[in-house]
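Per-entry structural report
Chain residues, written in single-letter form:
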Amino acid sequence: MKFTTYLRDGAPRLAVVEGDRIIDLHDADPDVPADLRLALKGGVDLHAAAQAALKSSSARQPLSAVKLAPLVPEPGKTVCLGLNYFDHAKEGGRDKPEYPWFFFRGASSLIAHDDAGVVPSVSPKFDYEAELALVIGRKVPRHVKEADALQYVFGYSCFNDMSVRDYQKRTPQWTIGKNFDGTGGFGPLLVTADELPPGATGLRIQGRLNGEVMQDANTSDMIFNVAETIALLAEVLTLEPGDVIVMGTPAGVGQARTPPVWMKAGDRYEVEIERIGTLVNPIVAEAA
């Protein structure tokens, strides 16, 4: 099952994807909240709601005709991992971490598929990071066992964790360089967990700058897999429906190249994950 979030009159709307068309789930069933996070928090059986909508005569519209939004426009939490592929840690001059390098992203940094990533006026050091993202479907019990963790994942998507590198390095914490407006590409589709291998392992992940492959790896190369990551986070905090976890990027980022490769206005970055889809973000300069 595939879902997306699009905008209608400026508000996010949850839809099920049927080939190259979508069906608005709230239109098909008014008991389904129009927002993915609210639907998950409300315990709605979205598989059943989507199946009913697909079998119904509800209106369809072309996916290409709608303006998309970030899949979860306002997650309660967006937890990101740094250095979660060994080759990426190595290219940054670091050893394999013994514990995930966690940081948070704020909702105001998130953008949708086809939205522009924004090179900030204060820095040209604007980098790309192709990543796997997951959405939590049910409240995760504290101290959940790793063996049980995957049952709380609703689905997976693509993410571009665009980073302002000099700001990222200004403090020991990475947060400030990871939260500029217009830097968190998220979408376009959410593929439910039952459609993919457990933990979305064994999937090719690729990042392309203006069509040139810059990152090419497999989700099996992650140091901390999805189940282990959820279990580690559950030692500390409560993961809730609609929370997002972004699983880190493989090697090939711009700052590690000689000379460094920075994204600039007019560029285009694509994140493609096997069996999940392709996220595209054109790049623009911040308006004066």
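Quick note: structure is the one above.
Now for a look at the structure at hand. Every chain's residues receive numbers from 1 upward, in the order its sequence appears when written. Where totals are concerned, whole chains, interfaces and linings use all residues; where local detail is concerned, this predicted model gives features only for residues with pLDDT of at least 70, and gives and counts side-chain atom pairs only at 80 or more. As a convention, hydrogens and water are excluded, and side-chain values are obtained from all of the structure's heavy atoms.

Side note on the overall build of the protein
Strands are runs of DSSP state E lasting at least 2 residues, helices are runs of H or I lasting at least 4, and numbering of each runs from the N terminus. Helix and strand counts for the protein stand at six helices and 18 strands. For a compact globule the rule gives 2.2 Å times the number of residues to the power 0.38, and the radius of gyration it is set against comes from C-alpha atoms. Taken against the 2.2 N^0.38 rule, which gives 19 Å for 288 residues, the C-alpha radius of gyration of the protein at 18 Å falls within 12% of a compact globule. Seen through its C-alpha atoms, the protein measures out along the principal axes to roughly 55 × 45 × 30 Å. Here the protein holds 288 residues, and the buried ones make up 53% of them. Buried residues are those whose accessible area, probed at 1.4 Å on protein chains only, stays under 20% of the maximum for their type, while exposed residues exceed 50% and partly exposed ones sit between those limits.

Digging into the sheet that holds strand E17 (residues 268–273)
A sheet is described by the order of its strands in space; here five strands give the open sequence E8-E18-E17-E14-E15, paired in mixed fashion. The open sheet terminates on both sides in strands that have one partner only, identified here as strand E8 (117–119) and strand E15 (212–218). Sheet twist, expressed as the mean angle between neighbouring strand axes with direction ignored, is 20°. At least two DSSP bridges between two strands are required for those strands to pair. The pairing of strand E14 (residues 204–209) with E17 spans five bridges and is classified as antiparallel. Note on E17: the bridge partner recorded for glutamine 206 is glutamate 272. Each axis is a line fitted through C-alpha atoms, taken for helices only over the stretch in contact, and angles between the N-to-C directions span 0 to 180 degrees.

As for the side chain of aspartate 115
Residue placement: aspartate 115 occurs in the loop between strand E7 (110–111) and E8. Whenever two N or O atoms come within 3.5 Å, that pair is a polar contact, provided that in protein one can donate a hydrogen and the other can accept it, and provided that, for residues adjacent in sequence, both atoms are side-chain atoms. Within the structure, the side chain of aspartate 115 is placed 3.0 Å from the backbone nitrogen of alanine 112, a separation counted as a polar contact.

A few points about the side chain of lysine 77
If you trace the backbone, lysine 77 turns up in the loop between strand E4 (61–62) and strand E5 (78–82). We call two residues contacting when some pair of their heavy atoms lies within 4.5 Å. The contact partners of lysine 77, leaving out residues within four places of it in the chain, are Phe104, Leu237, Thr238, Leu239, Glu240, Asp243 and Val244.

Observations regarding the pattern of salt bridges
Think of a salt bridge as a Lys or Arg side-chain nitrogen and an Asp or Glu carboxyl oxygen that are within 4 Å of each other. Counted under the stated rule, the structure contains 19 salt bridges. A salt bridge links glutamate 18 to arginine 60, with the nearest nitrogen and oxygen atoms 2.9 Å apart. With glutamate 18 in strand E2 (residues 11–18) and arginine 60 in the loop between helix H3 (46–55) and E4, the pair connects residues that are 42 residues apart, well separated along the chain. Relative accessible area serves as the criterion here: at 21%, glutamate 18 is assigned to the partly exposed category. Under the relative-accessibility criterion, arginine 60 is labelled partly exposed at 24%.

Let's talk about the packing of aromatic side chains
Classification of ring pairs uses Phe, Tyr and Trp, with its six-membered ring standing for Trp, and accepts pairs whose centres are within 6.5 Å; under 30 degrees between planes counts as stacked, over 60 as edge-to-face, and the remaining range as tilted. Here the structure, examined in full by the defined rule, presents seven aromatic pairs. On the numbers, 5.8 Å between centres and 85° between planes, the contact of tyrosine 99 with phenylalanine 102 is edge-to-face. Residue tyrosine 99 is classed as partly exposed on the basis of its relative accessible area of 40%. The class for phenylalanine 102 is partly exposed, based on a relative accessible area of 23%. Within the aromatic cluster, the residues linked to one another by ring pairs are Trp101, Phe103 and Trp174.

Section: the pairing of strand E13 (residues 184–192)
Burial analysis of E13 places nine of its nine residues in the buried class, which makes it a mostly covered element. Where strand E1 (residues 2–8) and E13 come together, two bridges link them in antiparallel fashion. For phenylalanine 3, the partnering residue across the bridge sits in E13 and is leucine 190. In this structure, E7 lies alongside E13, joined through two bridges in parallel fashion. Considered in E13, the bridge of leucine 110 is made with glycine 184. By the bridge criterion, six bridges tie strand E11 (residues 153–161) to E13 in an arrangement that is antiparallel. Directly across from asparagine 160, in E13, lies its bridge partner glycine 185.

Details of helix H6 (residues 226–234)
Among the nine residues in H6, eight count as buried, and that is most of the element. Where H6 is concerned, the buried positions are Val226, Ala227, Thr229, Ile230, Ala231, Leu232, Leu233 and Ala234. Against E5, strand E6 (101–105), strand E10 (130–136), E11 and strand E16 (244–246) lie the buried residues of H6.

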